[in-house]
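Coordinate analysis (summary)
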Amino acid sequence: MRMIKLFTCFALLILICLSCKSKIKDEKIEKEQTKPPNVIVILVDDAGYIDFGFMGSEDLPTPNIDKLATSGVKFTDAHVSATVCAPSRAGLITGKYQQRFGFEANGTGGIGLSDDVVTIADVFKNNGYNTYALGKWHLGEDPSDHPNQRGFNEFYGFIAGSRSYFPIENPTKEQMLQHNGERVIFEGYMTDVLGDQSVKYVEESGDKPFFMYLAYNAVHTPMHAKKEDLEKFKDHPRKELAAMTWSLDENVGKLLNKLEELGERENTLIYFLSDNGGAHNNQSKEGPLKGWKGNEFEGGHRVPFVVSWPAVLKGNETFNGLSSSLDIFRTSLAAANIKKPESLLLDGADLLPYLKGKKKGNPHEQLFWRKLDKSAARIGDYKIVSLDNYGSVMYNLKSDLGETKDLSKSDSKKFKEIMTNYDTWKSQLMDPLWDEGKDWMDVCSYIHRQLMQNKEVEYKDIWDPAYKKTLLKQ
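A brief look at the structure comes next.

Definitions and limits used
- Residues numbered from 1 in each chain as written.
- Predicted model: local features only at pLDDT ≥ 70, side-chain atom pairs only at ≥ 80, totals over all residues.
- Heavy atoms only, no water.
- Pairing = 2+ DSSP bridges.
- Helix = DSSP H or I, 4+ residues; strand = E, 2+ residues; numbered from the N terminus.
- Axes fitted to C-alpha atoms, helices over the stretch in contact; angles between N-to-C directions.
- Contact = heavy atoms within 4.5 Å.
- Expected span 1.5 Å × (residues − 1).
- Buried < 20%, exposed > 50% of the residue type's maximum accessible area, 1.4 Å probe, protein only.
- Arc of directions from axis to C-beta.
- Phe/Tyr/Trp six-rings, centres within 6.5 Å; stacked < 30°, edge-to-face > 60°.

Read across the sheet, four strands follow the order β13-β14-β15-β16 without closing on themselves; strand pairing throughout is antiparallel. At either end of the open sheet lies a strand with only one pairing partner, and these are β13 (366–371) and β16 (391–396). Within this sheet the neighbouring strands show an average axis-to-axis angle of 10°, counted without direction. Sheet analysis places strand β14 (residues 374–379) next to strand β15 (residues 382–387), joined by six bridges and oriented antiparallel. Paired with Ser-375 across the strands is Ser-386, a residue of β15. Packing against the sheet, helix α11 (residues 412–426) makes contact with β13, β14, β15 and β16, and its axis sits at approximately 65° to β13. Helix α12 (residues 438–452) rests against β13, β14, β15 and β16 of the sheet, and its axis sits at about 135° to β15.

Structure below.
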């Protein structure tokens, strides 16, 4: 009898211990699930629509970026808010159409971001996050536009829109690599330098959640690559781009590996996208899309886009809904359970309900683009491209992704509906605070006219001999 009592007590003790362990484990899991996620935006520069393995590239190996894509959701109908670098970045970092505050043309006009515009870094910093900006800024040269004044605790990068990937002996203030305003003397290759620094910041953040804006200048011109990478691709028809993309991929891999090593990968929300379509001068390819960087056809603003958050989102998924880089701001706030300030206007949508399967359809029923005298408007499958003082064309992207068949006259009802919505959107905007200069505007207008007529484009920039020949005839 005594043995039975002892056995019963021992069994009860084991059950109590197991229950305590289970409770501790549940509390640990709950704590991990409620811990705010890290958020990383990996923004690459001028990448072609099909120039990554996960987008179908057969000649540019990108194993680490492909791994990132497999871990998350690949978007097929994602767009940026502008077809050139600076305004696209302005839209992403503010979560609103950049035309609302006059930031419409490329460059920064000596003005940059409006002083009263709130950035995504401002909000995350005010909610207890470490905030890091790395790489290309291109949002203003004025002291008030410096990343440290726009919500970032740390800035390790350069202010200009482009620069050499290798050290410059006497760089301008805008082109120098800097850390919080102080010049950094570096050796090696810029893509590696930024990749190494991204790893360093992840380590330094410790237990505190962080928001990182990792803006590589790869694969923007100049077409600079390391000797060993050029040798690796010496027989490649796009040798320089292949070498630059390989280095970009290696450095994305460094960051992913460090997150894994520190046990942070599962609870890190990562976005990967290009700031606009591939450029005509960096060997990029747009695949089925018409146009390229700088014009309002799909090749200018439809971009590779991945969202990965292993703790919350299923991997190896594809999302076909109409989406925008403007969505990054609102989605990130929702992920971090940060309440949007009441006065803050955001044009983006929260993508999480769609990616979790709680909502169906399109995050956006309509999207708009405008760069000076060129514009585009999208409602559902239909899209209009317009050029002031010339005209408009309309396409059904579902049946004509290459934008070749003009439906503006055969479906006048749909055309009028889209133009009415575009005019309503336009009425909410400021006039642009600067333009791109007569020569560039003339070239871009010429390109649009040719593409709208499905004609060959003979020159694509102001340095092209064919354009200079045209000037002589005028």
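Back to the text.
Once that is clear, we can look at α11. Along its 15 residues, α11 runs 21 Å from first to last C-alpha, staying within 8% of the 21 Å computed at 1.5 Å per residue. Here α11 has its buried residues at Ile-418, Met-419, Tyr-422 and Trp-425. End-on, the buried residues of α11 take up no more than an arc of 115°, which puts them together on one face. When the buried face of α11 is taken as reference, the exposed residues oriented beyond 90 degrees from it are Lys-413 and Lys-416.

This brings us to the packing of aromatic side chains. A ring pair, where both rings are aromatic, is described by two values, the distance of the centres and the angle of the planes. Under the defined criterion, the tally for this structure stands at 27 aromatic pairs. Ring plane angle 85° and centroid distance 5.3 Å describe the contact between Phe-52 and Phe-272, whose orientation is recorded as edge-to-face. With a gap of 220 residues between them, Phe-52 in the loop between β1 (38–44) and α2 (63–70) and Phe-272 in strand β9 (residues 268–274) connect regions that are remote in the sequence. Taken as a pair, Phe-52 and Phe-272 share a single burial class, namely buried.

Scope: geometric values only; no functional claims are made or implied.
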